[in-house]
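What the coordinates show
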Amino acid sequence: MTNLEIIRSTYEGKTSEENGANLEKFVASDIRWTEAKGFPYAGTYVGIKDITKNVFSRLGSEWDAYKFTPEEYVATDNTVVAIGTYSGVYKQTNKAFSARVTHIWKLKNGKIVSFEQIVDSKTVVDAMI
């Protein structure tokens, strides 16, 4: 698979579970995952267990219909950029949001070694208050 195909497989599966399984299959054991400053889950997490605990588990338990809709990909040698929109409803407030986002993925030898999120965090935080 190309690097672009690897990243697309983490977004474009038939279910969230399929996307998650593809992510787990392609991440390096020491992947560094950075959620943007100002985002509710901001920080850098290392390894899939740390990422799952601090990002995915929280998204799944705190939001309804939280998703990233990719609209465009840009790929170079070892970098894939996914540009799109987050959306969802925060369970505690029942407020919906939509936020523009960019994900920057770095790969090496067919494994994802890093992820960086760039997002309009304000719209997400506003849905939480």
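For clarity, every value in this text was computed on a predicted model and none was experimentally measured.

1. Remarks on the sheet that holds strand β5 (residues 95-108)
One open sheet accounts for 6 strands, arranged β2-β1-β6-β5-β4-β3; its pairing is mixed. In the strand order of this sheet, the two ends are held by β2 (43-46) and β3 (63-75), each with one partner. Neighbouring strand axes in the sheet, compared pairwise and without regard to direction, differ in orientation by 20° on average. Alignment of strand β1 (residues 27-35) against strand β6 (residues 111-119), held across 4 bridges, turns out to be parallel. The residue of β6 that forms the bridge with Arg32 is Ser114. Seen against the sheet, helix α3 (residues 48-62) touches β1, β2, β3 and β4 (79-90) and runs at an angle of roughly 50° to β1. Seen against the sheet, helix α4 (residues 121-128) touches β3, β4, β5 and β6 and runs at an angle of roughly 135° to β5.

2. Brief notes about the packing of aromatic side chains
Within a pair of aromatic rings, the relevant descriptors are the distance that separates the centres and the angle that separates the planes. What the rule picks out here adds up to 15 aromatic pairs. Between Tyr11 and Tyr73, the aromatic rings sit 6.2 Å apart at their centres with planes inclined by 45°, giving tilted as the arrangement. Residue Tyr11 is found in the loop between α1 (3-9) and α2 (16-26), and its partner Tyr73 is found in strand β3; the two are separated by 62 residues along the sequence. Residues Tyr11 and Tyr73 agree in their burial class; the two are buried. Their ring planes at 40° and their centres at 5.7 Å tell us that Tyr66 and Phe97 sit as a pair that is tilted. Separated by 31 residues along the polypeptide, Tyr66 in strand β3 and Phe97 in strand β5 bring together distant segments of the chain. The class for Phe97 is buried, based on a relative accessible area of 8%.

3. Quick word on α4
The set of residues buried in α4 consists of Ser121, Val124 and Ala127. Take α4 and look down its axis: the buried residues cluster within an arc of 130°, on one side only.

4. Some remarks on the nonpolar core
By size, the foremost hydrophobic cluster in this structure holds 33 residues, and its most contacted members are Trp33, Trp63, Tyr86, Trp105 and Ile112. Element by element, the count of residues in this core is highest for β5, at 5 residues. In this structure Trp105 touches Ile7, Thr10, Tyr11, Leu23, Trp33, Asn78, Thr79, Val80, Ala82, Ile112, Ser114 and Phe115, once residues within four positions along its chain are discounted.

5. Thoughts on the environment of Gly38
With respect to the helices and strands, Gly38 occurs in the loop between β1 and β2. Distance in space between the C-alpha atoms of Gly38 and Lys122 is 7.6 Å, their sequence separation being 84 residues. Those residues in contact with Gly38, other than ones at most four positions away along the chain, are Ser121 and Val125.

Conventions adopted
Residues numbered from 1 in each chain as written. Predicted model: local features only at pLDDT ≥ 70, side-chain atom pairs only at ≥ 80, totals over all residues. Heavy atoms only, no water. Pairing = 2+ DSSP bridges. Helix = DSSP H or I, 4+ residues; strand = E, 2+ residues; numbered from the N terminus. Axes fitted to C-alpha atoms, helices over the stretch in contact; angles between N-to-C directions. Contact = heavy atoms within 4.5 Å. Phe/Tyr/Trp six-rings, centres within 6.5 Å; stacked < 30°, edge-to-face > 60°. Buried < 20%, exposed > 50% of the residue type's maximum accessible area, 1.4 Å probe, protein only. Arc of directions from axis to C-beta. Core = buried A, V, L, I, M, F, W, Y, C linked by side-chain atoms within 4.5 Å.

Everything listed here is a matter of geometry and, on its own, says nothing about what the molecule does.
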